[in-house]
Amino acid sequence: MDTESLNAFLAVAEQQSFSLAAEQLHITQPAVSKRIAALERQLSCKLFDRIGRNIHLTEAGRALMPQSRRILQDIKEAVRSIHDLRGSVSGRLSMGISHHIGLHRLPPVLREFSQRYPEVKLDIDFMDSELAHQRILHGEMDLAVITLSPSDDQQLLSIPIWEDPLSVTVAKDHPLAQFNIVSADMLSQHTALPPGLNTYTGQIIKELFDRQGLSMNIGMSTNYLETIKVMVSIGLGWSILPLTLLDDTVVALQWQGQALSRTLGCVHHRSRSLSNAADAFIELLLAERAPK
């Protein structure tokens, strides 16, 4: 059971497509089919049902999924351990980074890390914080630098790095722009453009309304804060956004009796051993929160 066949199996299972799996692995579709066929012969069972153009895991395929991830992860850990015996900071460092942090917080850290440790290959995926959290939970990445979850997960270690103040935000000509301080009741009377309520930031906003038994009049929702800021600036509604994102196209207002904030930081799985590269990256992150 070789790693190429297992990687092909996981790619097809996740993409539910041989052609998309081939693109992901940078090989041809016949090569993917050949690897799956070899794995099925070795295991003496079908791993996929092919019904028309649809691909479905068989019962055996579903059972193989977690084992495949574990086997491939064990191999990565073995390679990493050998590299780390030499004490060098090298190899591959896989990270999930939220779009907002990647744009507004991490560029100086990434630049310094690349200059200090040129032998490290950075494998970075930009994604929603919630998806990165789940991928860390499943052991699919080394680290994630994201908006930290409001609730603790005992399997993960969260390291706060930045406190990210938030503000109610409206366009200059919005009816609420005349007020310096607004309440949930006032906001409930106007169209809201919140981050998706499935996001950690969206959950913070929803909880504030829930406490007072109020609901938001949601006009639209997206996970991309930069998009929300543009929509706010042209007067489509109010939102709550990080102060780092605001400029003179919008007006920042204070929520009555409430200091709005979220915590940004690094998270990794407690059971996953960290490489020298991961330790070095965390060290640079921790320097970001140290007094200047």
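Residues numbered from 1 in each chain as written. Predicted model: local features only at pLDDT ≥ 70, side-chain atom pairs only at ≥ 80, totals over all residues. Heavy atoms only, no water.

### Digging into the layout of surface pockets
- Put simply, the largest pocket is a space of about 990 Å³.
- For the largest pocket, the lining is made up of 33 residues, of which Leu-10, Glu-14, Lys-76, Arg-135 and Glu-140 are closest to its centre.
- Elements represented by at least two residues in the lining of the largest pocket include exactly helix H1 (3-15), helix H2 (18-25), helix H4 (59-85), strand E3 (91-97), strand E4 (120-126) and helix H7 (129-137).
- Counting residues per element, the lining of the largest pocket draws most heavily on H4, which supplies nine residues.
- For the lining of the largest pocket, a count of residues per class yields ten nonpolar, eleven polar and twelve charged. (1 Å grid on protein atoms, 1.4 Å probe; cavity = no way out; pocket = protein on both sides within 12 Å on 5 of 7 lines; lining within 4 Å. Points joined across faces, edges and corners; volume = space filled by probe spheres on them. Helix = DSSP H or I, 4+ residues; strand = E, 2+ residues; numbered from the N terminus. Nonpolar A, V, L, I, M, F, W, Y, C, P; charged D, E, K, R; others polar.)

### Considering helix H6 (residues 107-116)
- By the burial criterion, the buried members of H6 are Val-109, Leu-110 and Phe-113. What you see down the axis of H6 is that its buried residues fit within an arc of 95°, all on one side. The outward face of H6, more than 90 degrees from its buried face, is lined by the exposed residues Arg-111 and Gln-115. (Buried < 20%, exposed > 50% of the residue type's maximum accessible area, 1.4 Å probe, protein only. Arc of directions from axis to C-beta.)

### Focus on the pairing of strand E12 (residues 261-269)
- With seven of nine residues buried, E12 lies mostly within the body of the structure.
- Sheet topology places strand E5 (residues 143-147) next to E12; four bridges connect them, and they run antiparallel. Pairing of Val-145 across the sheet is with Cys-266, part of E12.
- Examined bridge by bridge, strand E6 (residues 156-171) and E12 share nine bridges and lie antiparallel to one another. (Pairing = 2+ DSSP bridges.)

### Examining the packing of aromatic side chains
- For the structure on display, the rule yields six aromatic pairs.
- The interplanar angle of 65° and the centroid separation of 6.1 Å between the aromatic rings of Phe-18 and Phe-48 together place this pair among those described as edge-to-face. Remark: Phe-48 occurs in strand E1 (residues 48-51) and Phe-18 occurs in helix H2; sequence separation between them is 30 residues. Comparing Phe-18 with Phe-48 shows no difference in burial state: the two are buried.
- Consider the rings of Phe-209 and Trp-255, whose centres lie 5.6 Å apart with planes at 90°: the pair is edge-to-face. (Phe/Tyr/Trp six-rings, centres within 6.5 Å; stacked < 30°, edge-to-face > 60°.)

### Structural notes on the confidence of the model for the protein chain
- The predicted model of the protein chain averages 90 in pLDDT, with 97% of residues at 70 or higher.
- Ranking the elements of the protein chain by mean pLDDT puts H4 last, at 82, and E5 first, at 96. (pLDDT = per-residue confidence, 0-100.)

### Thoughts on H1
- Given a rise of 1.5 Å per residue, 13 residues ought to cover 18 Å, and the 18 Å separating the end C-alpha atoms of H1 matches this to within 8%.
- One or two positions beyond H1, positive phi appears at Gln-16, with a value near 55°. (Expected span 1.5 Å × (residues − 1).)

### A closer look at empty space enclosed by the protein
- The full count for this structure, using the stated rule, is one cavity of 30 Å³ or more.
- For the largest cavity, the calculated volume is near 210 Å³.
- If you trace the largest cavity, you find 19 residues lining it, with Ser-98, Ser-129, Asn-223, Leu-225 and Arg-262 closest to the centre.
- When contributions to the lining of the largest cavity are tallied by element, the ones reaching two or more residues are helix H5 (99-104), H7, helix H9 (200-211), helix H10 (225-233) and E12.
- Split into classes, the residues belonging to the lining of the largest cavity amount to seven nonpolar, eight polar and four charged.

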